[in-house]
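Examination of the molecular architecture
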Amino acid sequence: MKVTWETYGGQAAAIRLGLPPKVLDTDALPENTAGELDRLVAAAVPEAEEKRSDRARDAMSYTITVEDGGHSTALTRSDATMTPAFAALLSWLEKHAAQQ
C-alpha cells in the first residue's frame, strides 16, 4: 500500500505552494508498523465524505490518497471537518514521515 498526503490552504499556503506530496510505502515499513497503518486507513475510509463548512474559510485542508492493489481512495478533510479517525491517520503519517 502506498499513501500520499498533501496540505493546502491556511495562513501559510504560499509556503507550501508547489511542494511535492509526502509519500509513505508500506513495503518500506516493518510489518507491525504497516499493520498499524492498515488499521488507521480502514477506520478513516468509511468517513471519507467531507461535509462542507463555511465556518473556517482559512482552515487547512488535507488530502490523503491510499493506493492498494490497483485501487485508489482519496480522503479529503479540513481543520473544520476533520473526524477523529482522519486526525489519527494524519498524525500517524506526519510522525512516521518525520522518522524517515
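Residues numbered from 1 in each chain as written. Predicted model: local features only at pLDDT ≥ 70, side-chain atom pairs only at ≥ 80, totals over all residues. Heavy atoms only, no water.

Attention now moves to the sheet that holds strand S1 (residues 2-9). Overall, antiparallel pairing links the four strands, which are arranged S2-S1-S3-S4 in an open sheet. Edge strands, defined here as strands with exactly one partner in the open sheet, are strand S2 (22-25) and strand S4 (71-78). Ignoring which end each strand starts from, the neighbouring axes of this sheet average 15 degrees apart. Summarising the sheet, strand S3 (residues 60-68) and S4 pair through eight bridges and their orientation is antiparallel. Across the sheet, Asp68 pairs through a bridge with His71, a residue of S4. Contacts from helix H3 (residues 84-98) reach S1, S2, S3 and S4 within the one sheet, and its direction differs from that of S3 by about 80 degrees. (Pairing = 2+ DSSP bridges. Helix = DSSP H or I, 4+ residues; strand = E, 2+ residues; numbered from the N terminus. Axes fitted to C-alpha atoms, helices over the stretch in contact; angles between N-to-C directions. Contact = heavy atoms within 4.5 Å.)

What follows concerns H3. Taking 1.5 Å of rise per residue, the 15 residues of H3 would be expected to cover 21 Å, and the 21 Å separating its terminal C-alpha atoms lies within 8% of that figure. Among all positions of H3, only Ala85, Phe86, Leu89, Leu90, Trp92, Leu93 and His96 are buried. The buried residues of H3 occupy an angular sector of 160 degrees when the element is viewed end-on, so they sit on one face. Facing away from the buried side of H3, by more than 90 degrees, are the exposed residues Pro84, Lys95 and Ala98. Among the structural elements, S1, S2, helix H2 (31-44), S3 and S4 are those in contact with the buried residues of H3. (Expected span 1.5 Å × (residues − 1). Buried < 20%, exposed > 50% of the residue type's maximum accessible area, 1.4 Å probe, protein only. Arc of directions from axis to C-beta.)

Our next topic: the environment of Val66. Position of Val66 among the secondary structure elements: in strand S3. With relative accessibility at 6%, the residue Val66 sits in the buried group. C-alpha of Val66 to C-alpha of Val45: the two residues are 21 residues apart in sequence and 9.3 Å apart in space. With residues near it in sequence (within four places) discarded, Val66 still touches Met1, Lys2, Val3, Val41, His71, Ser72 and Thr73.

Bringing the nonpolar core into the picture now. Counting residues in hydrophobic clusters, the biggest one holds 21 residues, and the most contacted among them are Val3, Leu37, Ile64, Leu89 and Leu93. If you list the elements that add at least two residues to this core, you get S1, H2, S3 and H3. Counting residues per element, this core draws most heavily on H3, which supplies six residues. Leaving out residues up to four positions away in the same chain, Ile64 has contacts with Val3, Thr4, Trp5, Thr73, Ala74, Leu75, Phe86, Leu89, Leu90 and Leu93. (Core = buried A, V, L, I, M, F, W, Y, C linked by side-chain atoms within 4.5 Å.)

So far we have only geometry, and geometry alone does not tell us how the molecule works.
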